[in-house]
Structure formats: structure tokens, C-alpha cells
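Observations on chain architecture
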Amino acid sequence: MEQQSILEAAEQLARAELGGDTSGHDWWHVYRVARMAERLAKQEGANVFLCVLAALLHDVADEKLNPSKEAGLLKVSSWLNGQALSEADNAHVMEIISTMSYNAGKNPPMRTIEGRVVQDADRLDAIGAIAIARCFTYAGWKGDPMYDPSLAPRNGMTPKEYREGRNTAINHFYEKLLKLKDRINTPAAKQIADERHKYMEAYLSQFMQEWEGTDS
Ligand code: ADP
Ligand code: NI
């Protein structure tokens, strides 16, 4: 019962903090990550309560929504300190949300099964049909075009040239979304990621054909 009321309070916090966001970190992203974390936790034998709690809190500390990453993490840790939670669980949730971000695939692997589950749940929301919508929404929010063949990464482009060029929503597929399926931790999530990945590939193929008017 206590766990249920902690989850309800975490949901309220996430709704309050993220409700109005239009950059891809809205409450419904958190909702999907929490549902997926629950499903994966059950399949992988992870602690369901901790996975759902970390999923609900994972974007409250995001540096895009706070003055700094540290300020965001402090907000979550002071909130956790006010909950009826053991020291160990408190520290575990903080560890998960402070280390799970994509960071161009450079962060070390998550230490615990709960961390691997929550990270997978977050990554799965960036693969598939909803991910396509999030990507175009984000690009629109940033002011990037959806596609521009002259901005596509060219062979021989240095990473610096690439970073300094203007990005497009379609480029983001190649930069990140299509790489995610190989960065999934758990077998349960890998199966879902593979299906969603195929869907994105089919989408890109159709997109390019329509662009040139060559679709059947
Ligand atoms: P996360 O919170 O999972 O680390 P981000 O903050 O990087 O993700 O992005 C939130 C959403 O917006 C994701 O679906 C991501 O793929 C998408 N996104 C991030 N950067 C870009 C970009 N430059 N162009 C288009 N979509 C983007
Ligand atoms: Ni997220």
C-alpha cells in the first residue's frame, strides 16, 4: 500500500513538472516509459516497484528542464528523501536516473537489472511509430527542417563538419534512432526493439520514395 502511494505521488510530481513540455519530454512520454518498465520488469524478474518509480522520475531531473543537471538531480533527491523509502532504494533510484541517459552511447552499462530495464523502456520510446512522431515534433520545436537532401551526411564529412551543419529530423534517425536497437540491454526489450526498428526502416524507405516520387 505504501508503495502504491509513493508511485501515485511520483506520478503527480512528474505530471506537474513535465505537463507543459513540448520538446519530447512530456508527461505521456513518462507514462509510456513507466508502463513499459513495468512490463519489462515482470518479464526480466526485476523489482517492479523500483523500475516504475525510477521511470516516473527519470525526466524530472532532465537538464533541458532545469537550470543544470545537478539542480535537477537535487530536486529528485529531496523529493525522495520525503518518501517512506529505505536508504538503499532511495540511492538505487538516484543511481538509475543519474546514469541512464543516452549520452551518444558513451555512458558505462547500467549496474543493476532495474537500471537496465528502465533504460530499455526509455530507449524503446525512441524506436518505432511514436518515436517517428517524437522526432518530427522535436525537430519542429527546434526549428529544424524535416528533411533536406543537401544536409544529409556525406561520405568523407568530418564529425566536426557534421555537428556544425544544420540538423534535420531525418538525419536524427541515422544519428541516433537507428542505432538504439543495438544498445538495448534485456532480451525482453530486444524483441520489441527489433520489430519497432523494422517499422522505422520501412518508414524511411517509403519517405525517400515519396520524396523522389518513385513510390508505387
Ligand atoms: P532522452 O530523454 O531519451 O535522452 P532526448 O532528450 O535526446 O532523449 O530526446 C527526446 C526525444 O526527441 C527523443 O525521441 C529523441 O529521439 C528526439 N530528439 C532528440 N534530439 C533530436 C533532434 N536533434 N532532432 C529530432 N529529434 C530529436
Ligand atoms: Ni525519457
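Residues numbered from 1 in each chain as written. Chains lettered and ligands numbered in written order. Predicted model: local features only at pLDDT ≥ 70, side-chain atom pairs only at ≥ 80, totals over all residues. Heavy atoms only, no water.

Turning to the site of ligand 1, a few remarks are in order. Close to ligand 1 lie His25, Lys64, Asp122, Arg134, Cys135, Tyr138, Lys142, Asn167, His172, Lys176 and Leu177. Here an oxygen atom of ligand 1 and a side-chain polar atom of Asp122 are 3.5 Å apart. The separation between an oxygen atom of ligand 1 and a polar side-chain atom of Lys176 is 3.2 Å. Counted by class, the shell around ligand 1 contains three nonpolar, three polar and five charged residues. (Near = heavy atom within 4 Å. Polar contact = N/O pair within 3.5 Å; in protein donor to acceptor, adjacent residues only side chain to side chain. Nonpolar A, V, L, I, M, F, W, Y, C, P; charged D, E, K, R; others polar.)

Here we come to the nonpolar core. Judged by nonpolar contacts, the single largest core of 62 residues is most densely connected at Leu40, Leu53, Leu57, Leu80, Leu124 and Phe173. The contact partners of Leu40, leaving out residues within four places of it in the chain, are Val117, Asp120, Ala121, Leu124, Ala188, Ala189 and Ile192. (Core = buried A, V, L, I, M, F, W, Y, C linked by side-chain atoms within 4.5 Å. Buried < 20%, exposed > 50% of the residue type's maximum accessible area, 1.4 Å probe, protein only. Contact = heavy atoms within 4.5 Å.)

Below, the discussion takes up the coordination of the nickel ion (ligand 2). Note on the nickel ion (ligand 2): its protein donors are His29 (NE2), His58 (NE2), Asp59 (OD) and Asp122 (OD). The metal-donor distances range over 2.1 to 2.8 Å. Seen from the nickel ion (ligand 2), its four donor atoms lie at angles of 81 to 168°, and the figure they make is irregular. Positions of the donor residues of the nickel ion (ligand 2), expressed as sequence spacing, correspond to H-x28-H-D-x62-D. On the criterion of sequence distance, the pair formed by Asp59 in the loop between α3 (48-57) and α4 (69-81) and Asp122 in helix α6 (residues 113-124) is long-range, its members being 63 residues apart. Accessibility classification places Asp59 together with Asp122 in one group, the buried group. (Donors = N, O, S within 2.8 Å, 3.2 Å for Na, K, Ca; no water. Tetrahedral: all angles 85-135°; square planar, octahedral: opposite > 155°, others 65-115°. Helix = DSSP H or I, 4+ residues; strand = E, 2+ residues; numbered from the N terminus.)

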